[in-house]
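Next come the chains, spelled out residue by residue.
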Amino acid sequence: MRFKVTRPPLPDHLTLTSGDTNVQIRLRRDNRAQRYLLRIPADQSGPVLTVPKSGDASRAERFARQHIDWLLSRLSQKPDQTPFQDGSVIPFRGADHLIVATGGLRGLVSVSSEGDRARILVPGAPEHLARKLTSFLKEEARKDLTQACTFHAEKVGRKVAGISIRDTTSRWGSCAANGRLSFSWRLILAPPDILDYVAAHEVAHLREMNHSDRFWKICRELAPQTPEARKWLKEKGATLHAYG
């Protein structure tokens with residue numbers, strides 16, 4: 001007779017103390033994970049420790065303590081939040097733009113490059129500014145990503161079934177088995193080469209639904225800036241979630 005081994009449930013979180021600092025870490029079991037993984041989500045919701053199927057809370061805590069110095073260093077680098085409001089400066093296609101509330105009752109959000117600083121002009125009541133600006137940025141992201149994906153898909157002889165624009169925090173893009181691609185609208189804040197790389201990356205998955213050597217070869221052929229773009233996203237990608 002076989003007895004099923006039942007592991008005790010994980011607590012929701014654990015708290016570590018280093019000097020005068022307390023750090024709360026969320027625990028998340030993933031039966032597909034092969035190892036413990038400590039990360040800080042881009043949405044700044046706090047550290048998360050992924051625990052594999054065979055893991056337990058005590059080993060999770062030991063793993064977290066081994067990486068506490070790295071964790072504290074990363075948390076200290078967390079960017080300040082910049083709200084979408086009159087007077088804020090945000091990146092748009094990689095260049096700083098000043099948000100200007102025009103005060104007009106009607107009109108569309110527009111971009112002006114006149115004068116010494118680029119501006120994004122947002123009409124309407126102040127309480128609607130954030131919503132209207134977010135909608136504008138999402139639509140601009142859709143335009144740029146659709147153009148980039150169409151261009152790259154023609155090169156690999158595939159068709160894109162559809163494009164979705166979301167506010168994802170764990171990934172910049174994804175490719176479904178049915179050919180639908182999904183992207184974070186925040187890519188419109190990044191330099192164009194970064195958006196183009198993410199589009200090429202997901203289009204490459206239309207040929208190779210993996211991250212094999214063949215996949216990366218296709219990705220580099222479509223976007224020669226792949227190494228630099230990956231480095232940029234790793235080092236600066238989290239800053240894109242500090243806006244809005």
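Data block above holds the structure.
Conventions used here
- Residues numbered from 1 in each chain as written.
- Predicted model: local features only at pLDDT ≥ 70, side-chain atom pairs only at ≥ 80, totals over all residues.
- Heavy atoms only, no water.
- Axes fitted to C-alpha atoms, helices over the stretch in contact; angles between N-to-C directions.
- Helix = DSSP H or I, 4+ residues; strand = E, 2+ residues; numbered from the N terminus.
- Parallel < 35°, antiparallel > 145°, perpendicular 65-115°, else oblique.
- Left-handed = near helix turned anticlockwise from the far one by under 90°.
- Contact = heavy atoms within 4.5 Å.
- Nonpolar A, V, L, I, M, F, W, Y, C, P; charged D, E, K, R; others polar.
- Expected span 1.5 Å × (residues − 1).
- Buried < 20%, exposed > 50% of the residue type's maximum accessible area, 1.4 Å probe, protein only.

Q: Explain the packing of helix 4 (residues 192-204) against helix 5 (residues 213-222) to me, please; I cannot follow it from the model alone.
A: When two helices pack together, you describe them by how their axes are tilted relative to each other and by the distance separating the axes. Two elements in contact, helix 4 and helix 5, have axes whose closest approach is 9 Å; the angle formed by their N-to-C orientations is 140°. Judged by the angle between their axes, helix 4 and helix 5 are oblique. Crossing angle aside, the handedness with which helix 4 passes helix 5 is right-handed. Residue-level contacts link Tyr197, Ala200, His201, Val203 and Ala204 of helix 4 to Phe215, Trp216, Ile218, Cys219 and Leu222 of helix 5. The residue inventory of the contact of helix 4 with helix 5, partitioned by class, reads nine nonpolar, one polar and no charged.

Q: Mind showing me how you'd approach helix 4 here?
A: Because each turn of an α-helix spans 3.6 residues, side chains separated by three or four positions end up pointing in the same direction. The terminal C-alpha atoms of helix 4 lie 18 Å apart, and with 13 residues this matches the ideal 18 Å at 1.5 Å per residue to within 8%. Counting buried residues in helix 4 gives eleven out of 13 residues, a clear majority hidden from the surface. Listed in full, the buried residues belonging to helix 4 are Ile194, Leu195, Asp196, Tyr197, Val198, Ala199, Ala200, His201, Glu202, Val203 and Ala204. Among the structural elements, helix 3 (129-156), strand 10 (173-175), strand 11 (180-184), helix 5 and helix 6 (226-236) are those in contact with the buried residues of helix 4.

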